[in-house]
Amino acid sequence: MSPAAPTSAPVDCLGLLTAYQHSAILAAAVRTGVADAIAHGPRHVEEIAAERGLHAPSVRKLLGAMVALGLAVREGDGHRLADGAAELASDHPGTLATIVEKEWFFYKAWLGLEDAVRDGHARIAPWRERLARDPGQSERFLGALDDLAARFGGGLPALAGLERGGRLLDVGGGAGSHAANLVAAVPGLEATVLDLPAVERVARVRHPELPFVAGDLELPRFGRPDGESWDVVLLANILHDHPPGVCRRLVREAAGLLAPGGTLLLYEWVLDEDRDGPPDVVLFAVMMLVENEGGAAYTAGELSGWLEEVGLQGVEVRSGAGPIAVVRGRAR
Ligand SMILES: C[S@@+](CC[C@H](N)C(=O)[O-])C[C@H]1O[C@@H](n2cnc3c(N)ncnc32)[C@H](O)[C@@H]1O
């Protein structure tokens, strides 16, 4: 159950209404190169504008807003990136630049939220179409997921609780981020990433150590040959892209790939049973509404029910501090 909010607590409605300005300022700072220009010391407005091909008076306004948000500081008669915002620079080892690209893409899509609430349809083209039409944007999206996994995916191995090595298939593995985290943590585990053929390029760049096989969620056995089996099958951040009927089929196909005693792992955003929390997950559920036709966040009851439905044993939900939990079950 989500904790009940006191009904009398004041809500900063105007603050929520204008919060879009913060996101837009941060994205503009990164996308125009202003954040990079001031990353290594104070620079003058005219210098930044000339270097980046920008309109100097507007850069000055942007810098003022960056100071107001704590993203930049004034030093002498120039500005530099605030120490606490160093990750906005594209040469920072933990740069947010690719994640900013991803969020900027969704920022624009969220303009269609009102219409999505009216008609229930996503505002973004289906993934296969996006991959074909704009491979660069799609690769940046998968790169951003890999950067997010590097920041937040470290809890997966402990939640997965794999007791021994073996062969793991990361279905819809994208860049291979979560498979790579598991391989690093579990001695003797070997992982293969399965995804659409166009994803191979980004997987090769991000996790060249992992073998990649082309496959398709829409095919029986995801395109894997009859007779092949895996000790672990991972569906990480896959089910939320699909409506419940498709999730059931995906879980059935995944379970069908398991060797006797093998483990199916879901790594998913998990909604409270009353669907009013946790906060990160209910916002994510709205993202799915905008992004994926039929996409949704699911409750622990729904996710574990789908594993039980296909006969998996010992089904359990293992959650940590974050919004993404593991649901796992074992084949007989
Ligand atoms: C939300 S991403 C998750 C990626 C990765 N598992 C993670 O957790 O970061 C969804 C993944 O499903 C893949 N995918 C989408 N449709 C697919 C299909 N028909 N067959 C195989 N993979 C597909 C995408 O290419 C993408 O890598």
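Residues numbered from 1 in each chain as written. Predicted model: local features only at pLDDT ≥ 70, side-chain atom pairs only at ≥ 80, totals over all residues.

Let's talk about the overall build of the protein
Within the protein, the regular secondary structure consists of 15 helices and 10 strands. Rg of the C-alpha trace for the protein: 22 Å, near the compact-globule value of 20 Å for 332 residues, within the 12% margin. The dimensions of the protein, computed from C-alpha atoms along their principal axes, are 70 × 50 × 35 Å. Sorting the 332 residues of the protein into buried and exposed places 37% on the buried side. Taking contacts inside the protein between residues at least 6 apart in sequence as the whole, the part at least 24 apart equals 62%. (Helix = DSSP H or I, 4+ residues; strand = E, 2+ residues; numbered from the N terminus. Rg over C-alpha atoms; globule rule 2.2 N^0.38 Å. Buried ≥ 20, exposed ≤ 12 C-beta atoms within 10 Å, placed from the backbone. Contact = placed C-beta atoms within 7 Å.)

Considerations on the nonpolar core
Counting residues in each nonpolar core, the largest one holds 86 residues, and the members touching the most others are Val 233 and Leu 234. Looking at which element gives the most residues to this core, the answer is strand β7 (residues 258-271), with eight residues. When residues of this core are assigned to domains, at least three map to each of domain 1 (14-97) and domain 2 (127-330). Leave out the neighbours within four places in its chain, and Val 233 touches Leu 169, Val 171, Ala 254, Leu 257, Leu 258 and Leu 264. (Core = buried A, V, L, I, M, F, W, Y, C linked by C-beta atoms within 7 Å. Domains from an automatic or database assignment.)

Here's the deal with the site of the ligand
In the region of the ligand, 20 residues are neighbours, and Gly 172, Gly 174, Leu 217, Ala 236 and Asn 237 sit closest. Mapped onto the shell around the ligand, the elements with two or more residues apiece are α9 (135-152) and α11 (177-185). A per-element tally of the shell around the ligand places α9 first, with three residues. Looking at the shell around the ligand residue by residue, the class counts come to nine nonpolar, seven polar and four charged. (Near = placed C-beta within 6 Å. Nonpolar A, V, L, I, M, F, W, Y, C, P; charged D, E, K, R; others polar.)

Notes on helix α15 (residues 300-309)
Looking at α15, one finds that the buried residues are Leu 303, Ser 304, Trp 306 and Leu 307. Angularly, the buried residues of α15 cover 150° about the axis, an arc narrow enough to put them on a single face. Facing away from the buried side of α15 by over 90 degrees, the exposed positions are Gly 301 and Glu 308. Of the surrounding elements, those touching the buried residues of α15 are α13 (244-256), β7, β8 (298-299), β9 (313-318) and β10 (324-330). Gly 311, located one to two residues past α15, shows a positive phi value of around 90°. (Arc of directions from axis to C-beta.)

Observations regarding the pairing of strand β6 (residues 230-236)
Counting buried positions along β6 yields seven of seven residues, so the element is predominantly enclosed. Bridge count for strand β3 (residues 166-171) against β6 is four bridges, and the pairing is parallel. Among the inter-strand pairings, Leu 168 is bridged to a residue of β6, identified as Val 232. Where β6 meets β7, six bridges bridge the pair, whose relative direction is parallel. Directly across from Leu 235, in β7, lies its bridge partner Leu 266. Each parallel crossover has a hand, and the one from β6 via α13 to β7 is right-handed. (Pairing = 2+ DSSP bridges. Right-handed = clockwise from strand over helix to strand, strands pointing away.)

Re the packing of α13 against α15
Running from N to C, α13 and α15 point in directions that differ by 45°, and their axes come no closer than 9 Å. Overall, the two elements α13 and α15 adopt an arrangement that is oblique. α13 and α15 meet at a crossing whose hand is right-handed. Packed against α13, whose contacting residues are Cys 247, Arg 248 and Val 251, the element α15 presents Trp 306, Leu 307 and Glu 309 at the interface. (Axes fitted to C-alpha atoms, helices over the stretch in contact; angles between N-to-C directions. Parallel < 35°, antiparallel > 145°, perpendicular 65-115°, else oblique. Left-handed = near helix turned anticlockwise from the far one by under 90°.)

Considering the domain arrangement of the protein
Often the size quoted for an interface is simply the accessible area lost on bringing the parts together. The domain boundaries assigned to the protein delineate domain 1 (14-97) and domain 2 (127-330). Here domain 1 and domain 2 have C-alpha centroids that lie 36 Å from each other.

Remarks on the packing of helix α4 (residues 45-52) against helix α5 (residues 56-68)
As a packed pair, α4 and α5 sit with axes 9 Å apart at the nearest point and diverge in direction by 115°. Between α4 and α5 lies a crossing of right-handed hand. Note on element contacts: α5 touches α4 through Ala 56, Val 59, Arg 60 and Leu 63, opposite Val 45, Glu 46, Ile 48 and Ala 49. Of the residues in the contact of α4 with α5, the class split is six nonpolar, no polar and two charged.

Some points on unusual backbone geometry
In this chain, Gly 277 is followed by Pro 278 through a cis amide linkage whose omega measures -10°. Looking at where Pro 278 falls in the secondary structure, it is placed in the loop between β7 and α14 (279-291). Not every positive phi belongs to a glycine, and Asn 237 is a case in point at roughly 60°. By secondary structure assignment, the location of Asn 237 is in the loop between β6 and α13. Under the C-beta neighbour-count criterion, Asn 237 is labelled buried, with 20 such atoms within 10 Å. The phi torsion at Arg 275 lies on the positive side, around 65°, for a residue other than glycine.

Describing the pairing of strand β2 (residues 78-81)
On a regular strand, each side chain points to the face opposite its neighbour's, so the side chains alternate between the two faces of the sheet. A one-sided burial pattern is seen for β2, the buried positions being His 79 and Leu 81 and the unburied ones Gly 78 and Arg 80. In terms of strand pairing, strand β1 (residues 72-75) meets β2 through four bridges, oriented antiparallel. Each residue of the ladder has a partner; that of Arg 74, found in β2, is His 79.

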